[in-house]
Amino acid sequence: MRPRHPGPNLPVRCQGSWFGHDLDMTDTAVASAVPTTGQLVARYATAFNSMFATTHSVTSPLGAWMLLSIAAPATTGETRTRLEAILGCTAQDAFRRASALLAEPHRAVGSAAAVWARTHFLNDLFHAFSESLPDTVEQGHVPRNEDADRWASTNTGGMIESFPVPIDDATAVVLATAVATDVSWIAPFQTASAADLA
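Heads up: these notes are all about the structure in this document.

Calculation criteria
- Residues numbered from 1 in each chain as written.
- Predicted model: local features only at pLDDT ≥ 70, side-chain atom pairs only at ≥ 80, totals over all residues.
- Heavy atoms only, no water.
- 1 Å grid on protein atoms, 1.4 Å probe; cavity = no way out; pocket = protein on both sides within 12 Å on 5 of 7 lines; lining within 4 Å.
- Points joined across faces, edges and corners; volume = space filled by probe spheres on them.
- Helix = DSSP H or I, 4+ residues; strand = E, 2+ residues; numbered from the N terminus.
- Nonpolar A, V, L, I, M, F, W, Y, C, P; charged D, E, K, R; others polar.
- Contact = heavy atoms within 4.5 Å.
- Axes fitted to C-alpha atoms, helices over the stretch in contact; angles between N-to-C directions.
- Parallel < 35°, antiparallel > 145°, perpendicular 65-115°, else oblique.
- Core = buried A, V, L, I, M, F, W, Y, C linked by side-chain atoms within 4.5 Å.
- Buried < 20%, exposed > 50% of the residue type's maximum accessible area, 1.4 Å probe, protein only.
- Polar contact = N/O pair within 3.5 Å; in protein donor to acceptor, adjacent residues only side chain to side chain.

1. Concerning empty space enclosed by the protein
Sizing a probe to match a water molecule and rolling it over the atoms shows the empty space that remains.
Consideration 1: Under the defined criterion, the tally for this structure stands at 1 cavity of 30 Å³ or more.
Consideration 2: In this structure, the largest cavity spans a volume of roughly 30 Å³.
Consideration 3: Lining the largest cavity, in full, are Leu-67, Ile-70, Ala-113, Ala-114, Val-115, Val-137, Leu-175, Ala-176 and Thr-177.
Consideration 4: Mapped onto the lining of the largest cavity, the elements with two or more residues apiece are helix H3 (61–71), strand E1 (110–117) and strand E3 (173–180).
Consideration 5: Its residues assigned to classes, the lining of the largest cavity comprises 8 nonpolar, 1 polar and no charged.

Listed below in structure tokens is the structure:
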């Protein structure tokens, strides 16, 4: 299995804005008629981090937001209503924004997405969803664990060496995003072990 697109060109050194927009989540920024993608992701990240990053950990609100945005058009009814509230925009708008991030990623952020499936488990609704995905989303059969590991490593510049969840014969669908960056800081952090940060 080979990714459709090459992995991110890492490392990248940068500082300043993200997605071409300062992440200003003040009342003025949030009140704007059309929030930027950066503002939507920052809003989501606040909620995400309050739930999943309460201890020392490495998580990616951006990766989660992109994954939900890619899947959003496949939802209906109350599920879609709840998901749109979480994403901060309509399902179609979120899908469009995530597709744009994959097609033209910021030079500091390498990203990739994949949808793998055992199609004999699935119905026509999944096939319609699959056909709607942009070319930047890799598609194919559910991979072996070693192939999923290779995908993770390739699309994070080697920073993530293994896929975060096991895949077995009962796995029907895998939706995955990979986000990686390597930035420099004006005032570098002091290196410390994870145990010291707990």
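Following the structure, the description resumes.
2. Digging into the side chain of Thr-171
Consideration 1: On the secondary structure map, Thr-171 appears in the loop between helix H7 (145–154) and E3.
Consideration 2: Once residues lying within four places of it in the same chain are set aside, the contact partners of Thr-171 are Arg-118, Phe-121 and Val-142.

3. Here we look at the packing of helix H2 (residues 37–52) against helix H4 (residues 77–87)
Consideration 1: For the pair H2 and H4, interaxial distance at closest approach is 8 Å and the crossing angle is 105°. The orientation of H2 relative to H4 falls into the category roughly perpendicular. In contact with Leu-40, Arg-43 and Tyr-44 of H2, H4 contributes Ala-85, Ile-86 and Leu-87.

4. Side note on the nonpolar core
Consideration 1: The biggest cluster of nonpolar side chains holds 27 residues, and the ones touching the most others in it are Trp-65, Ile-70, Leu-133 and Val-137.
Consideration 2: When residues of this core are traced back to their parent elements, those giving at least two are H2, H3, H4, helix H5 (91–103), E1 and helix H6 (124–132).
Consideration 3: A total of 6 residues in this core trace back to one element, the largest contributor, which is H5.
Consideration 4: Dropping the residues within four chain positions of it, Ile-70 is found in contact with Phe-95, Ala-98, Leu-102, Ala-113, Phe-129, Leu-133 and Val-137.

5. Side note on the packing of H2 against H3
Consideration 1: Relative orientation of the contacting elements H2 and H3 amounts to 110°, with a least axis distance of 9 Å. When the interaxial angle is binned, H2 and H3 end up roughly perpendicular. Contacts between H2 and H3 pair Thr-37, Leu-40, Val-41, Tyr-44, Ala-45, Phe-48 and Asn-49 from the former with Pro-61, Leu-62, Ala-64, Trp-65 and Leu-68 from the latter.
Consideration 2: When grouped by side-chain class, the residues that make up the contact of H2 with H3 number 10 nonpolar, 2 polar and no charged.

6. Notes on the side chain of Thr-37
Consideration 1: Locating Thr-37 in the fold gives a position in helix H2.
Consideration 2: Within the structure, the side chain of Thr-37 is placed 3.0 Å from the side chain of Arg-97, a separation counted as a polar contact.
Consideration 3: Setting aside anything within four residues of it in sequence, one finds Thr-37 in contact with Trp-65, Arg-97 and Leu-101.

Spatial relationships are all this shows, so hold off on functional conclusions.
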